[in-house]
Amino acid sequence: MKKTSLRFLQTHTNMASVIGELAPDLFGDGHVFKNDEMLYSLFVETVEQVPIAISITDKKAKILYVNQEFCNVTGYRTEDILGENESILSDKCTPREVYRDLWRTISSKKIWRGTLCNRHKSGERYLSDLTIAPMLNSSGMITHYIGMHRDITKPYESEKKVINQKLLIESVINSSPIAMVVLDDRDRVILDNHNYKALVSDLDKGEPATYFLQLLRDEMGDLWSQLRSKQQGFNNREFKIESKGSHKTRWFSCAGNWVIENEVNADAFFENTSKQYLILTLTDITRQRRQMEELHIQTLKTVMAEDERVRGIRETLLGAMHQIQMPMNQIRAAEQILRHKKDDQHAGLLQILQQIQQSGEEAVTTMQKCIPEILQTAVIPVNINQILHEVLLLSNQRICSNDIEVHWQPLSKLPAMLGSENRLRILFKQLIDNAIEAIRESHGAEQRIKIATDTDADLIYVSIEDSGTGIPVEKRAKVFEPFYTTRAMGGHQAGMGLVMAKEIVNQHHGFIEIDPDYNQGCRFKISFPLHRQLFKGVGND
Ligand code: FAD
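Remember, predicted model here, so these are calculated numbers, not experimental data. (Residues numbered from 1 in each chain as written. Predicted model: local features only at pLDDT ≥ 70, side-chain atom pairs only at ≥ 80, totals over all residues. Heavy atoms only, no water.)

Trainee: I keep staring at the sheet that holds strand β9 (residues 249-262) and nothing clicks. Help me out?
Mentor: Strand pairing within a sheet occurs via backbone hydrogen bonds; the two strands may be parallel or antiparallel. The strand order across the open sheet built from five strands is β7-β6-β10-β9-β8, with neighbouring strands paired in antiparallel fashion. Looking at which strands have only one partner, the edges of the open sheet turn out to be β7 (189-192) and β8 (234-242). Strand-to-strand, the axes of this sheet are offset by a mean angle of 25°, without reference to chain direction. Examined bridge by bridge, β9 and strand β10 (residues 274-284) share 11 bridges and lie antiparallel to one another. Following the sheet pairing, Asn-262 is matched in β10 by Ser-274. (Pairing = 2+ DSSP bridges. Helix = DSSP H or I, 4+ residues; strand = E, 2+ residues; numbered from the N terminus. Axes fitted to C-alpha atoms, helices over the stretch in contact; angles between N-to-C directions.)

Trainee: Help me understand the side chain of Asp-515 in this model?
Mentor: Residue placement: Asp-515 occurs in the loop between β16 (511-514) and β17 (522-529). Overall, the relative accessible area of 5% leaves Asp-515 in the buried class. At 2.9 Å, the side chain of Asp-515 and the backbone nitrogen of Asp-517 are in polar contact. Within the structure, the side chain of Asp-515 is placed 2.5 Å from the side chain of Arg-523, a separation counted as a polar contact. Excluding residues that lie within four positions of it along the chain, Asp-515 makes contacts with Arg-476, Arg-523 and Lys-525. (Buried < 20%, exposed > 50% of the residue type's maximum accessible area, 1.4 Å probe, protein only. Polar contact = N/O pair within 3.5 Å; in protein donor to acceptor, adjacent residues only side chain to side chain. Contact = heavy atoms within 4.5 Å.)

Trainee: When you look at unusual backbone geometry in this model, what are you seeing that I'm missing?
Mentor: The phi torsion of most residues other than glycine is negative, and most of the peptide bonds are trans. A positive phi angle, near 70°, is found at Lys-92, a position not held by glycine. Among the structural elements, Lys-92 can be located in the loop between α5 (78-81) and α6 (96-107).

Trainee: Could you clarify how one ought to interpret the site of the ligand in this entry?
Mentor: Of all residues adjacent to the ligand, which total 21 residues, the nearest are Ser-90, Arg-96, Tyr-99, Trp-103 and Asn-118. Lys-92 is positioned with one of its side-chain polar atoms (N or O) 3.3 Å from an oxygen atom of the ligand. Protein contact buries 75% of the 920 Å² of open area that the ligand shows by itself. Among the secondary structure elements, those contributing two or more residues to the shell around the ligand are α6, β3 (112-119), β4 (125-136) and β5 (142-151). (Near = heavy atom within 4 Å. Areas by Shrake-Rupley, 256 points an atom, 1.4 Å probe, with all protein chains shown as cover.)

Trainee: How do you make sense of the pattern of salt bridges when you look at a structure like this?
Mentor: Note that side chains of opposite charge can pair when their charged atoms are close. Scanning the entire structure with this criterion turns up 32 salt bridges. Glu-390 is the partner of Arg-425 in a salt bridge, and the nearest nitrogen-oxygen pair spans 2.9 Å. With Arg-425 in helix α15 (residues 421-442) and Glu-390 in helix α13 (residues 384-394), this residue pair connects regions lying 35 residues apart in the sequence. The residues Arg-425 and Glu-390 share a single accessibility class, namely buried. When salt bridges that share partners are traced, they join Glu-308, Arg-398, Lys-429, Asp-433, Glu-437 and Arg-440 into one network. (Salt bridge = Lys/Arg side-chain N within 4 Å of Asp/Glu carboxyl O.)

Trainee: Would you explain the pairing of β4 in this entry?
Mentor: Along a regular strand, successive side chains alternate from one face of the sheet to the other. Burial analysis of β4 places nine of its 12 residues in the buried class, which makes it a mostly covered element. Of the pairings in the sheet, the one linking β3 to β4 comprises eight bridges and is antiparallel in character. When the sheet's bridge partners are listed, Arg-113 is paired in β4 with Thr-131. Connecting β3 to the next strand, β4, in antiparallel fashion are five residues, including Gly-123 with a positive phi near 100°. Pairing of β4 with β5, which is carried by nine bridges, proceeds in the antiparallel orientation. Within β5, the residue paired with Leu-136 across the bridge is Ile-142. In textbook terms, the turn of a hairpin is the stretch between consecutive antiparallel strands, and for β4 and β5 this stretch comprises five residues, one of which, Gly-140, has a positive phi near 80°.

So this is what it looks like as structure tokens:
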């Protein structure tokens, strides 16, 4: 028999006597140890050495045997603890109900498992993960209890720390004003915050993460997988979202960061596999966008007002030159008649007519010089939807004050075309202003402007229709001629608006017409080529 076992057998109310006492009950009279001292000593040795605190008690929890680990865990020496009740270990902070449950269970011959708060001999508390099994004799009566416990204070603390950290992280991300979501490599939501949850109902797009991931992948193309494989983040990816809520249009700025987590499950124990997660943040930048848009509209208003002023001067001067031209022609004709007569009697008159002609020409030349230049504007890829949207905002006040209903039907994903933003803005503003004017004049029951965009392989189409007075068929070709107006003269831009509109369309190699099939008002149909290599003339008028 080995040394340790001998120590117990010799010095204590020991394992040997306890096992000796229990053996017939536990294993029957022909028990395995009866005739095999070596196996018996091996068993004793094993129980003694096993790294779990084992105690054997009587029916009242009086301790009869403890192993070495029990002494290690509790701090009691064997000779101090034998004969004591297990309650010596109680910290007295374990709720009574726990003990009641413990005793109810073991008294009814069942195994009890649970956690108790124990006190070390030194007074230090520790958490005990305890299993108590009743030991029955051959008549099925409880004779002893065997208790097995481990000090789980450290794993419990670690687990609690992890939970606390998780709660802390959750409360930090929850208090963030930004919507945040963590997605696994199959785009499943692993963690999200309150602001993200709010988006689920606010946006009405199903799972917001799925929706934004699609937008990001579409926009970034191959870059998405490149960044993902290198675990490089992205930020400031802005998207405009049309939703059904009270805030119809919202803007979001998206940022993402990939993180790697080592697998913790048993499968990965030897393989060291890892998982990739994406932390996606969605910042609602609608307010900033609106402020920027308002600022932009204010700037546009100033630019457009200046442009209108210049156009006003140009049209006034061109109108005056046009007006002067008629009497000048008459004077030139009269002068030629007199010249043919070769009559000295009219020499004075001829001279006066020549002087009038000369001053007239000088006046026209002076006026010509006074015509202000329209500034050259840059030709860039232009989003026609954006231009129309801005023009609608610019005209918003007039639209609202005239109680006009606007049907704005932009084609989503309209391709960009090359053009001058400024000139196109002037074009559409002119057409929308004309539409508002025509609706005002019509006093009709329906006050409506409908603006739509469309495209095919070659062209971008814009249609601007109103429920106004309309333009009679015979006048439709003339409205594009200079100084022709269907309205009473007097306005400072009378008769030049559509001339300019056509000029701008021409500069963009486009086509403008009045829809002959529409007769509930007026519908302008404008088309622009999509693929043009050269773009000439914008701003050079
Ligand atoms: P107690 O007065 O001892 O008992 C509290 C409650 O338990 C009462 O409701 C009482 O009715 C019931 N009760 C007590 N003894 C019995 C009994 N013999 N039969 C039926 N009901 C009974 N406790 C610990 O705190 N830490 C341990 O590590 C621990 N290990 C144990 C190991 C074994 C094998 C056994 C059998 C018990 C163990 N206990 C342990 C329980 C311990 O014996 C006490 O019941 C407990 O510590 C409460 O002690 P107490 O003095 O506060 O109250």
